[in-house]
Structures are given as structure tokens and as C-alpha cells.
Amino acid sequence: MVEYQLLRAHSLEEVLEILAEKKKVQILAGGTDLLVDLHQQDPKFENIDYLLDITDVAELKGIKLGPEEGEIGALTTHAELLSSPEIKEKLPFIGAAASSIGSTQIRNRATIGGNLVNAAACADSFSPLIALGAELVLRNKGGARRVLLEDFVEWPNQTVLKDNEVLEKIVFKMPQGEYYSSYQKIGRRNAVSISRLSLTLLAEVENEAIKNVQVVSGAATPAPVPFREVNKYLTAKTFAEIDPAEAGEIAADEMVGITGERWSTPYKRPALSKLVERAVKDLLEEAGYNG
Amino acid sequence: MAFKHVNKGVRRVDAYEKVTGKAKFGADLEFANMLHAKVLRTEYPHAEIEKIETAAAEGMPGVRGVFTAKDIPNNLFGVIVQDQQVLADKKVLLAGDGVAMAVAETEAQAAAALEKIKVEYRELEGVFDPLESRKEGALKLHPEKDDNQVIHHPLRKGDVKKGFAEADVILEREYTTQFIEHSYLEPEAVVVVPNEENHLVSVYGSIQNPYATRNAVSAVLEVELAEVRVIQNHIGGSFGGKDEVVSAMAARAAVMALKTGRPVKMVNSREESFTESYKRHPYHLTYKIGATKEGKLTAMEIAAVADSGGYACQTPFVTWRSVVQATGPYEVENVKTDTYGYYTNNPYTGAMRGYGSPQVIFAQESLMDELAAELGLEPVELRKRNMYSQGSVTASGQKLERHTVSLNEVMSKAMEAIDYKKKYEEYSREQPGDKKKGIGLSISFRGCSLGAEAIDAAASVIQINKDGSVAVYSGLAENGQGLKTIFSQIAAEVLGVPMSEVEFKELDTSFTPDSGSTVASRATLIGGNAIKDAAEKLKGRIMDFAAGKYDFKIDQLELKDGFLYDGQGNRLATFADLTGEMGNTGILMSAYGWYKSPPISWDEEKGSGNPYFTYVYGCQIAEVEVDTGTGELSVLNMAAAHDVGRAINPENVKGQIYGGVMMGLGYGIMEELEVRDGVIQGTNFHDYMIPTIKDMPDIKPVIVENPDPDGPFGAKSIGEPTLELGSAAIANAVAHASGRRIRSLPLNLERVLIGRALHKGGK
């Protein structure tokens, strides 16, 4: 039987106080992963003395998108992300990823911070945020540090977050100029579905050429990573020089390079290649290039 | 014929209590002094039990007893073959076999006690593939039997050699289907109360077949049937699934209730339910079919091997339905069919909605499309050239003449409902891009009710009280399918009373006559006739009495809306006054109804005869979009046309169609219980995928009515036919869209994209 004491914090200060004072504290946000594990008496809770409910902490909520920089509070729910007009207008791929998660009920509870800290290999929030080059603000009583999101996860369900830290917010630079984005997800059904693969592409474009690009996958590799070879292939190329199918092949090679041949590779290789190909094709089409 | 209550979409009689949460399900039941029990299940698919130590568990707080097989009076039970262990005695035959059970003051105490039970096993090699199990020299799983064969049903007609010699085209294909979980909303639950109202044990709970459960409990306790009372409660879905597994649970609880002298409650968690319950049979099917170049079938040779798992359970009858329906609804002169069931150390398999038909229909209706392509015919055309029509003779030699053979009608109406012809032509043309649409269909004939499995009869009791209220009892059970409503409608129709005067009573084996199991889509057909019989007997008495009292001829009188009319529109009496007066003059105002099906026949050696006295016909069409770049498959639209004889409640029929189509869609494209070396991988809905509402296509239900001479008001069956057609229709649509023929279920991402399934840990 898992036994713990339930604490509830009402301010960020209180959260940091408790984290500084007590050991063996597990933070509870939306609870859509945590409570399931708790009900199943997951042995990882044997090492937990306190459950710290932070859902009331207002400082950890909200979306702010400025002209240069943007931030999303860790407790922002997926429902809030997908219904935000600002997100829809400026970062539609974030909204698309949020809307693909779980069910209405899960999206109403689950938070973006929880999705990141839980760090499942298939978590849907990573690839769009990594594409933005997002950093996480991890705060403890002594102050805050910033970690690049792609360095945050060491291994599935294992992050660099320290015991006395809380994920406060996600910060990123807003894409500039003319930019295009897409988010795609393959699951086994249309709702409450774990990603088999997901893909975000975000590109800044200038004069019919790609200025900056990030192609990032989810569920393809143990931790979501940008496809550096694909990015290299696309960057600084004019539209005319780009072959979407080739980009797909490069991504698939890169994935297999990271994971090695696994049981799922015969499926994931062609499927990922296709997702990348489509993302690039869509980008060219939306940018008005008719090759 | 103008009906007052029948053929109308009246509200379900049990809707109010269900939507308001007032309905009590098995897990809601509480009795004074009640104990809670849990079962320890083995993780080994095949092992000898060397030793079970229970002393430590017995000493745990709150524990009132720990029991093993040696405490069970008679440890073997089964509806067909008595080979299922209540608790494993010397050997466990599947991972999930119960080996011990603990009863305690609370569920948590019972669960804690289980952890203190020590079982020593000697692991044995296992057999996990029925194709291995059937080989000569295979490890024998039930040592008292000659081999691992549970059953073999042959069917022989004509001469297949000759038939294939006449063929211009011969195709040979293999198909496979998967283990399926019933996925009922409510996991199994029972409470057994000892020594209640002059019964040794009373069993309450989530029970599909109260009489089968009574048989099992009485056999296990070695007591008379009259000493065991089973009361059915509201049930949160069953789909064929709450038979043997609940009987075992009831038997275990009964043993503990008698040992402790206190009520004992057992409720499975979802994980326990997955681990312990029986599944739909996976089949391995080989089909050989011959046809002339004009598209006339000349011969079919079929072998179907079903995985029975550790126990026989319903395998003998499931595979029997397969042998009857394996050729599909097609005239074939020369047929050789063999269906088999084999023991393995996999989870055991039993009844599930469809019952041996979804597997063969997937194969045979896929095959018809493959053959059509080979012959250069359109799928519809090939079917039309071969399908049953009035007077056709089936593979078993039955002439279809007693009822309307409506295949052409159901097919045409389904095609019309989904605009098949236009879409077929459109999607047959080259489609640009990766996303391709396709449309596919499948048709079936299905024997109604039990057929030659067993005596097919049912009873009812109707009682008219002195205030004119009507109490209706049936020996068949409401399993969520709408039986209470259907039977109330039939009673109201015959007696001419409003629905509000009819009270349908819960099934209680002490009051209601044994009517067999509520299975095989037989309730409306067989049970409905029994209700009609009782109501007509009472109506006869009422009319006799009224004719005498008012000096009318019987045919001048009419019972309608709770009044007696003189035929000229004048009311003579209220139903309540009339029947009250009859009661007061000493006339029996209760009646038993009984219905026994028309004769059927079956020669088990040759596989010939008239296995069912009537059939239903159905056609389903699926329109899909296949993403040939990623393997994603969307079922966009489905049409489902089913001949139900007569729809007693058309809204309820539509509900059955929607539900069955969705279950068939899950079977077709995503559901698969993964079993590795006998062990289920993932025992809850995190791993086992069923369709969500977002996967639901637009479904067009088409009710076709050709009243059956033997059905109550002409009604037949709908529950199972709705599920059996979808997988083949979808597979045919996928092949039409993408050119890829998939011969294994489910049609998941991997199969659609690369043509084969991938499994974790596999290569």
C-alpha cells in the first residue's frame, strides 16, 4: 500500500519552501499520469513521503506571447493551449499538438508542464517546443536556471529536474518574419491515442529559401530530438533545391542511426520518411512555391 | 397489419433507472455481515502445483478463510464439456487459472492475504499454437484425453475433386484472426448469500445466463438445482462473455459463503477481468475455391482451426456454427469443410457475439473479392451469380424455403443507402496522392437461435393482477440488448393494454422456468414466442369470459388501450374491471407460455441436415480512406442492412446495428489481445485498444422486414449479425483503395503500410 501525506501549495513561494524543506516530495499537477500510477500502486511511490498538489498556484499558469519572446506557464492545460486565439494565430502547431493529446477530459486536466516532466518517450508536447528552441525555467528556493528542452530529458521518464526544483515555465523566442509550421501525429485511433510517431516542422523563410528550420519528431527516438541532418539539408536551400522525399529519407536514416534496427523499425522508417516528406511539401506549397 | 405497441420505437422500460443511476449492478449490492473475497491466479501458462501454503494467509488480519481446490466439493464444471477447474488442482493450464482464494472482512484484507499464500510450481513446457497442438506427438494438455483435439466438425457435399476439375480458376488462401476481449463496461461481480429464504445459496450479480450459472454452482456444490437460486441484476454488458467466467466466480463465492456462513462478494478489477475471462477464438483458416470463368462457384474446401485455450468451454458449439456457415451464403455443389478446436496453454476461448461466424465471414468474404478480382468481375456481380435465393440449397443440404431469402434485397438496400455504385466506380479510378478511398462489402446468412446445438425452447409467465396490472416473467435474461422492452411490447400488444400497465420482473431461477441461455440472438425469436403464447392464453380466457358476460361473439370483441370494445367503437369495460372480476370469480389469471422451435436435424458425421429452422440475411458496406504513406485507416461511412423478420422495436434494432458495427470495426481495424507464450500482454484498456466515439463512422442502418412464419409477429434476430460483417467489408474496402489485400486481423497501421504485423520483442 502506497502511503503519503498530501500537501497543497497556494503560491510559488510556498511550493519552493516545501521543496526546500522536505525530502521525497512528488509534485502533482493535472494528475492524469500520476493518479493512474498511484492507483496501480506503482513501486516508484514507495520512495515518496509527500504528494505536493500545485494546481492552485496561479503564478504557474498562463500564456504570454510577445513580439520577440513567448512563455507558457507549466500549469497551462492542453485545453487552454488549443483554445487560445494567440496560439492559434502565431503558433498553430502547439495547438495542433495539444488537441491531439488524450481526450477532452484529459486535455481539461493535463498540463503541458506535467507532460514534459513526466517525459514519456511518446509525449506529444516535446517536438513542437523543441522546434521552437524552447528553454525550461527550473526554479528552486535559491533561484532559477534555464535548461534547453532538448537537454531536459535524459532517458524516458528521467529528466534533469532536481528534487528541490519545480518547472515554472517554458520560454522561447517567437519565430520571426515569414514562417511556416506543421504538426502531424500517427496514432492507432482517433482519440485517447498514444503517438506511434509525431513530427513538427517549423521554418523561417526568406526569398524562396529556408533561413532557419527545425524538424523534430516525437516517439521516433527514446527522447525527442531535432533531426540535425535534415535541418542541415534544408537550411539555406532555395525551394527549388529541395527534394521533400530526400529530406524524408535523411530523417529516416537519422532515426535508425539513433535507435538502431528495432522491432518497430520496418514500420517507423517508411512512415517517418513520409511525415517529413509531407511536412516539407506542405511548407513549399504554403509558401507558394509551385516547383 | 396495424400494431399498437409492436413495430414501434417505444422507450426502453429500464431506461429511467439506468440514466438516473438508480439501477443496481452486481458491485452495488450490499448485504448485512458481508465478506469480500479475492482469487490468487497463477502467472504460469502450464505448470504442476507442487505445494500451496496457506497458513500465513489464514493468520492475516480480518481473514475468515483461505481455500484451495481441495475445499471444492466438485472441482470440474462446464456447459458442454466438464473440464474447467474452479480452482486449479494439480496443474494450471493457463496463466490466469485460480489456485487459491481468500475471504476476509474487507476486500483489501483479502487482497493482502493473497500475498502471503505461497505456491510452489514445477513449470512445464507449454503449447501456444493450435497448429502445434494438433501435430502428432504434441505435448498432451489434458492427459485423460487421446490428444489435444477438443472437437472436429466435418461437412461433406458432392465431390470437391470433381468440382475443382470443373473450375477455370482456383484460389488458395490463408487467413488468420486474433484473440478478442469482450470489453464489457462492467467487470464481473457476484454476491452469494447462504441460507436465504429456504435456499442453500442465493447468487446475485452480473450474470448473463442464470440457468447455466445455477447448473454450475449446483454441480460444484453437489447439491440439487432447487437449492440454488440465481437472481440476475442489471448487467453492464456481456456480449457472450459473462457465462463460464461468472459461473466459476459464483461457484467460488458459494463455497466460501457456505464455509463461513456469511454472504461473500467478489468483484473483479479490469485487470483481473482481462486475466481471467475467456476470449473470442483466434482462427487459422485455409480456403480453396474453384470457379468457372463465368464466375460460377464449383467447389470449396475449407479448414478452420480454432484455438480453444486451456479449456473446451464453448469451442464445440462455436466451431459448429463455423462449419454450417463457412461457405458463406453461396450455392456450391461440392464442399468439404472441416472445423477444429484444439487445446493450448493460451487464455481459454468461449462465446462472444458472433460465435464462430465473424472469423469465417472475414475469410470467405475476403476470398470472394479476391476471386472476383481474379475473374475480372465486380464484387457485387460475383456475389449475385452465386448467392442464395428462394429455394436455394445450403452446403449442408438444407433447402431455404420456409422463410424469405432476402440477400438480394439487403444487398441492394445497403448499396443504395451508401451510394455504392457511384463510389465504387469513382474509387476504382486512379486516385492522386497518398490518400486513397475505397469501398467494400460483405454479405452473410446466419442461422437463428441455437440450431442443432441443443433443445431450443423457452418459457414465460404472465400474471394479471386484480387491478389489471400485468407482471411479465421470462426465463431469458436482459443483457442490455433490450429484452425487457421487447417482451413488454409483445405482452402489451396481445393483451391490448398500455405499456405502462406492463411490469417486467427480474429473472429469478426460483420463479421463472428454465429457458436455457440468453445466447445465439434467440431471445426475441424464441423467448418472444413464449411471451406471446402466455399472453394469448390469457387473452383467450378474457375473451371467453367477456363474450359470455356481454353476450357477444368473441370475434366482435376487441381489447385495446386497456379497454374492452364491442367492435363498433363502444367501450364495454376497462381491462382492470374485467380482469378483476374474472379473478374474483375464480378464474386463473396467470399463464405459462412455452415455445419450442420447429424441428431441425444434423448428421454430425457428414455435416448434413437442417441445422437451423430459419436464417437472417445481412449486408454491410464500408467506405474507407487509406493513407498509403503512413498506414492510417479511416472508416468514413458504413451501411448495414439487416433482415430482422419484423422489428419489434425499430429504435432498438438501430441501437443493435450501431453497437454491432462499432464492435465489428474494432475487430476489423484495431482490437487485438496480444498473447505471448500464453501470457496476456497488457491487461487493461491502456494496451487493449477499442474504438472511441471519434473512430465511429457515419453508420446508416437499414432495417429490412420480411416477417418470418415462425417468429413472434414475424420477428427474428439482430444482435449477432451486426458484428459479423464489418471486418470483411473493411478489408475489401482497403484492398479496393490501396491494392493491398490483408488476410490477418486487425488491419492495423503496420499491416496496412507494410503488409505484416510487428510485435514488441519480435523481429
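Remember, it's a predicted structure, so these values are computed and weren't measured experimentally. (Residues numbered from 1 in each chain as written. Chains lettered and ligands numbered in written order. Predicted model: local features only at pLDDT ≥ 70, side-chain atom pairs only at ≥ 80, totals over all residues. Heavy atoms only, no water.)

This next bit is on the overall build of chain B. The helix and strand inventory of chain B stands at 20 helices and 30 strands. Against the globule reference of 27 Å for 763 residues, chain B gives a C-alpha radius of gyration of 27 Å, in line with a compact fold. The burial tally for chain B puts 63% of its 763 residues in the buried class. Long-range pairs, those at least 24 residues apart, make up 81% of the contacts in chain B between residues at least 6 apart in sequence. As displayed, chain B offers around 27300 Å² of accessible surface, 48% of which is attributable to carbon and sulfur atoms. With 83 positive and 105 negative side-chain charges, chain B shows a spacing of 2 Å between the two charge centroids. (Helix = DSSP H or I, 4+ residues; strand = E, 2+ residues; numbered from the N terminus. Rg over C-alpha atoms; globule rule 2.2 N^0.38 Å. Buried < 20%, exposed > 50% of the residue type's maximum accessible area, 1.4 Å probe, protein only. Contact = heavy atoms within 4.5 Å. Areas by Shrake-Rupley, 256 points an atom, 1.4 Å probe, with all protein chains shown as cover. Lys, Arg positive; Asp, Glu negative; His and termini not counted. Charge placed at Lys NZ, Arg CZ, Asp CG, Glu CD.)

Facing 26 residues of chain B, the contacting portion of chain A comprises 20 residues. Both faces considered, chain B and chain A share a buried interface measuring about 2000 Å² in area, 57% of it formed by carbon and sulfur atoms. The largest share of the area that chain B buries against chain A comes from Met689, Leu749 and Leu758 of chain B, three residues that together contribute 24% of it. Counting the contacts that link chain B with chain A gives five salt bridges. Here Asp434 of chain B ties to Lys274 of chain A by a salt bridge, and the two come within 3.0 Å at their closest N and O atoms. Ranked by residue count, the leading element in the side of chain B that touches chain A is helix 20 (residues 749-754) of chain B, at four residues. (Buried area = accessible area lost by both parts, 1.4 Å probe. Salt bridge = Lys/Arg side-chain N within 4 Å of Asp/Glu carboxyl O.)

According to UniProt, the positions carrying the feature "domain: FAD-binding PCMH-type" (unreviewed entry) are residues 1-177 of chain A. End-to-end, the C-alpha atoms of residues 1-177 of chain A are 56 Å apart, and along that stretch the chain is 33% helix and 25% strand. (UniProt positions renumbered as here; feature names shortened; annotations may be inferred.)

Residue and element names in this part refer to chain A. The domain architecture assigned to chain A consists of domain 1 (5-53), domain 2 (62-173) and domain 3 (178-286). Centre-to-centre, using C-alpha coordinates, domain 1 lies 19 Å away from domain 2. Contact with domain 1, which involves eleven residues of that partner, is made by 14 residues of domain 2. Both sides of the domain 1 and domain 2 interface together cover about 1000 Å² of buried area, and 67% of this is carbon and sulfur. At the surface where domain 1 touches domain 2, the tally comes to one salt bridge. Its salt-bridge partner being Lys141, residue Glu17 comes within 3.3 Å of it at the nearest N-O pair. There are three residue pairs in polar contact (both at pLDDT 80 or more) connecting domain 1 and domain 2. (Domains from an automatic or database assignment. Polar contact = N/O pair within 3.5 Å; in protein donor to acceptor, adjacent residues only side chain to side chain.)

Bringing the sheet that holds strand 11 (residues 189-196) of chain B into the picture now. Residues and elements named next belong to chain B. An order of 3-7-1-14-11-12-13 is seen for the seven strands of this open sheet, with the pairing classed as mixed. Here the strands that pair on one side only, and so sit at the sheet edges, are strand 3 (63-67) and strand 13 (228-232). The average undirected angle you get between the axes of adjacent strands in this sheet is 20 degrees. Relative to strand 14 (residues 264-267), strand 1 (residues 35-41) runs parallel, the two being bridged by two bridges. Residue pairing for strand 14: Leu35 is matched across the bridge by Val264. (Pairing = 2+ DSSP bridges. Axes fitted to C-alpha atoms, helices over the stretch in contact; angles between N-to-C directions.)

All names here are of chain B. Within the element layout of this structure, Asn233 appears in the loop between strand 13 and helix 7 (244-260). Among the residues examined, Asn233 registers a relative accessible area of 12% and is labelled buried. Of the polar contacts made by the side chain of Asn233, one reaches the backbone nitrogen of Gly205; its length is 2.7 Å. With sequence-adjacent residues up to four places away left out, Asn233 is seen in contact with Lys24, Leu29, Tyr204 and Gly205.

With that settled, the discussion passes to the pairing of strand 20 (residues 470-474) of chain B. For a regular strand, side-chain orientation follows a simple rule: the groups alternate between the two sheet faces. All names here are of chain B. In terms of burial, strand 20 is a largely internal element, five of the five residues being buried. Residues of strand 20 alternate between two faces, with Val470, Val472 and Ser474 on one and Ala471 and Tyr473 on the opposite face, all of them buried. The pairing of strand 19 (residues 457-464) with strand 20 spans five bridges and is antiparallel. Paired with Ile464 across the bridge in strand 20 is Val470. The hairpin formed by strand 19 and strand 20 contains five residues between the paired strands, and Gly468 there has a positive phi angle of roughly 85 degrees. One crossover worth recording links strand 20 to the parallel strand 21 (residues 502-504) by way of helix 14 (residues 483-495), and it is right-handed. (Right-handed = clockwise from strand over helix to strand, strands pointing away.)

Glancing now at the pairing of strand 13 (residues 209-218) of chain A. All names here are of chain A. Of all ten residues in strand 13, seven are buried, a share of seventy percent or more. Inspection of the sheet shows strand 12 (residues 195-206) paired to strand 13 by nine bridges, in the antiparallel sense. Its bridge partner being in strand 13, Leu199 is matched across the sheet by Ser217. Hairpin connection between strand 12 and strand 13: a loop of two residues separates the two successive antiparallel strands, and Asn207 in this loop has a positive phi of roughly 50 degrees.

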